[in-house]
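Chain by chain, the residues:
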Amino acid sequence: MQEEALITCPSCRESLDVLLDMSVPAQDYIEDCQVCCRPMRITYSSEDGVLTGIEVQQDT
Ligand SMILES: [Zn+2]
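Predicted model, so just to flag it, every value in this text is computed and none were measured. (Residues numbered from 1 in each chain as written. Predicted model: local features only at pLDDT ≥ 70, side-chain atom pairs only at ≥ 80, totals over all residues.)

1. Some thoughts on the sheet that holds strand S4 (residues 39-47)
Two modes of strand pairing occur in sheets, parallel and antiparallel, and in both the strands are linked by backbone hydrogen bonds. Quick note on the threshold: Strands are labelled as partners when DSSP assigns at least two bridges between them. Per the convention used, a helix needs a DSSP run of H or I reaching at least four residues, while a strand needs a run of E reaching at least two, with both numbered from the N terminus. To get an axis, fit a line to the C-alpha atoms, keeping to the stretch in contact for a helix; angles then go from 0 to 180 degrees between the N-to-C directions.
Read across the sheet, three strands follow the order S3-S4-S5 without closing on themselves; strand pairing throughout is antiparallel. Each edge of the open sheet carries a strand with a single partner, namely strand S3 (26-32) and strand S5 (50-58). Adjacent strand axes in the sheet meet at a mean angle of 20 degrees when their direction is disregarded.

See the structure below:
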């Protein structure tokens, strides 16, 4: 079960689509921006397969 979410890169401020796994209640992972290639930390939570919160931080 996956859900698409629109996030903003903390480095270049571009909007990006990411695919999130909704089968876990909470997860954080590092993904490289598709535009500027800088790593960002994506933290999200879900409940009953619905995205309840997402946060994107610059990974240092
Ligand atoms: Zn970027």
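2. A look at unusual backbone geometry
What counts, and what does not: Residues are called buried when their C-beta atom has 20 or more other C-beta atoms within 10 Å, exposed when it has 12 or fewer, and partly exposed otherwise; all C-beta atoms are positioned from the backbone.
For Arg13, which is not glycine, the phi torsion reads 65 degrees and is therefore positive. Among the structural elements, Arg13 can be located in the loop between strand S1 (2-8) and strand S2 (15-21). Residue Arg13 is classed as exposed on the basis of its C-beta count, with 9 C-beta atoms lying within 10 Å. Phi angles above zero are rare outside glycine, and Asp48 is one such case at about 50 degrees. Mapping Asp48 onto the fold places it in the loop between S4 and S5. The exposure class of Asp48 is exposed, given the 7 C-beta atoms found within 10 Å.

3. With respect to the confidence of the model for the chain
The cut-off we apply is this: Note on scores: pLDDT gives the predictor's confidence for each residue, bounded by 0 and 100.
Per-residue confidence for the chain gives a mean pLDDT of 95, with 100% of residues at or over 70. Within the chain, no element has a lower average pLDDT than S1, which sits at 95, and none a higher one than S4, at 97.

4. Quick word on the environment of Pro10
Stated formally: Contacts are defined on C-beta atoms placed from the backbone: any two residues whose C-beta positions lie within 7 Å are in contact.
Structurally, the position occupied by Pro10 is in the loop between S1 and S2. Sequence separation of Pro10 and Pro39 is 29 residues, and the distance between their C-alpha atoms is 9.4 Å. Not counting residues within four places of it along the chain, the set of residues in contact with Pro10 comprises Met40, Val56, Gln57 and Gln58.

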